[in-house]
Amino acid sequence: MGRTLRHRKRIGKRLARSALSDELKDLFKWLKMKVINHNLRPTMFHDTGRGLMTKRPIYPGDIIIAIPKPFLITMDTVLKSEVGSLLKRSHLKLNLQQAMTIFLIIESEKQEESVWWPYIKVLPETFDTPAFWKPSDLCLFSKNLYKKIFAALKDLQTFYDEIILFLSSCKEIKITFNEFRWAWYCINSRSIYYDCDSSPYIADTNKNIALAPFLDLLNHSTTAEVEAAFNKNNNCFEIKTYNSFRKYDQVFISYGAHSNTHLLMEYGFILPDNPHDVYELDYDEIVRVAQNLNLQYIDRKKRIIEENNINRKSWKLIFKDDQISVTNQKAVEQMGHILLQQELLELRNVFVKFPSKDKSRLTPHQNLALDLLKIEENILQQSIKL
Ligand SMILES: C[S@@+](CC[C@H](N)C(=O)[O-])C[C@H]1O[C@@H](n2cnc3c(N)ncnc32)[C@H](O)[C@@H]1O
């Protein structure tokens, strides 16, 4: 497997120079461009990296891209492959992302012998999600984000361990953690929502995913409005835009109303003016402040929350038009103020951990952490003023 990764590294270097490399031309040929929109051209953009540029104006309501079903990597594709045979023989169940990860690694090892090679060879060789960061750079995140990232890394290790256990009876397939991590993030950052029927061989969680070659070259913007769905009439996965694009503009889609922490953790980038940005407060911290303030019935409330297992879900406190007593209103305001001040103080302590104050001396990951920290500081400052 190591040979494939080295080969992919060489490919990656070539892609950095030209987006329309031989690999992308092969992808075009393989997809038989006449069946999909050929007005989109892979291009390197200075702010977003590789993306798709339109060669003609696009209007609201236009279908920007349509990928025929045979070119999608779906649950069906995986079940019909040798991974499917393994799944059918095993008493262990994997989720679709785990099964697809094994599929992608096996196909990438086959190189030209795989029908998916024209697609696989244009996939990025690495990602900027925290799973690829040097451990020493992970301490450059705010405490809450660090906690979230640490939990996600633990989950990632569990998904890998489950794959290793699944493959333990199959001597021919060996997957290293680095290969797993590469394939996992290819799927994580590029998959589309695709409705799949349940299968007795695949766990039901997270089963509605598929990979869509070429379509997955589209970058994300918070202003993009799209509708994406499988069209049974032409057997294509299509994206319709509600935006307009001029000739030679980059065409964007929306990956969802994601905050910057979500974008960083799942896709490895952040956006400076992200209207969906939030600063997430930690549940344990909220409870601690409430207990210190001796809020009414706090221990009973805590027990109800924990017994019903809602402490790990995301909460939104809505004050507007809510009926709330004057005492509670005051207590909530006081608690909010203490929490925000406390978070701001802790966050400011992280700035001193950066190896330099000069951005030009920081690595790209350190710069990403610094930008995110400044965004979080700004959210906290603005919230304190409210
Ligand atoms: C579905 S792929 C899009 C195509 C990708 N740029 C490529 O060259 O293959 C998602 C990845 O593109 C990048 N990306 C998407 N939107 C971006 C944006 N607005 N700014 C910077 N990077 C972006 C991130 O690396 C993300 O993980």
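Above this text sits the structure in question.
Note that the structure is predicted; figures quoted are calculated from it, not measured.

What counts and how
Residues numbered from 1 in each chain as written. Predicted model: local features only at pLDDT ≥ 70, side-chain atom pairs only at ≥ 80, totals over all residues. Heavy atoms only, no water. Helix = DSSP H or I, 4+ residues; strand = E, 2+ residues; numbered from the N terminus. Buried < 20%, exposed > 50% of the residue type's maximum accessible area, 1.4 Å probe, protein only. Contact = heavy atoms within 4.5 Å. Areas by Shrake-Rupley, 256 points an atom, 1.4 Å probe, with all protein chains shown as cover. Core = buried A, V, L, I, M, F, W, Y, C linked by side-chain atoms within 4.5 Å. Domains from an automatic or database assignment. Lys, Arg positive; Asp, Glu negative; His and termini not counted. Salt bridge = Lys/Arg side-chain N within 4 Å of Asp/Glu carboxyl O.

When helices and strands are tallied, the protein chain shows 13 helices and nine strands. Looking at the protein chain as a whole, 48% of its 386 residues qualify as buried. Relative to all contacts within the protein chain whose residues are 6 or more apart in sequence, the contacts with residues 24 or more apart total 70%. Just so you have it, the protein chain exposes about 21400 Å², and 53% of that area is on carbon and sulfur atoms.

Time to look at the nonpolar core. By size, the foremost hydrophobic cluster in this structure holds 70 residues, and its most contacted members are Ile65, Ile102, Leu104 and Phe214. Residue contributions to this core peak at eight residues, all from helix H5 (residues 96-110). When residues are assigned to domains, this core turns out to be shared by domain 1 (15-72 + 213-267) and domain 2 (75-210), each giving three or more. Of all hydrophobic cores here, the second largest spans 23 residues; its members include Trp133, Met265, Tyr279 and Leu368.

It is worth spelling out the side chain of Arg181 at this point. Counting through the fold element by element, Arg181 comes out in helix H8 (residues 177-190). For the buried residue Arg181, which engages in no salt bridge, the nearest side chain bearing the opposite charge is Glu125, 10.0 Å off. Apart from residues no more than four positions distant in its own chain, Arg181 is found in contact with Ala131, Phe132 and Leu156.

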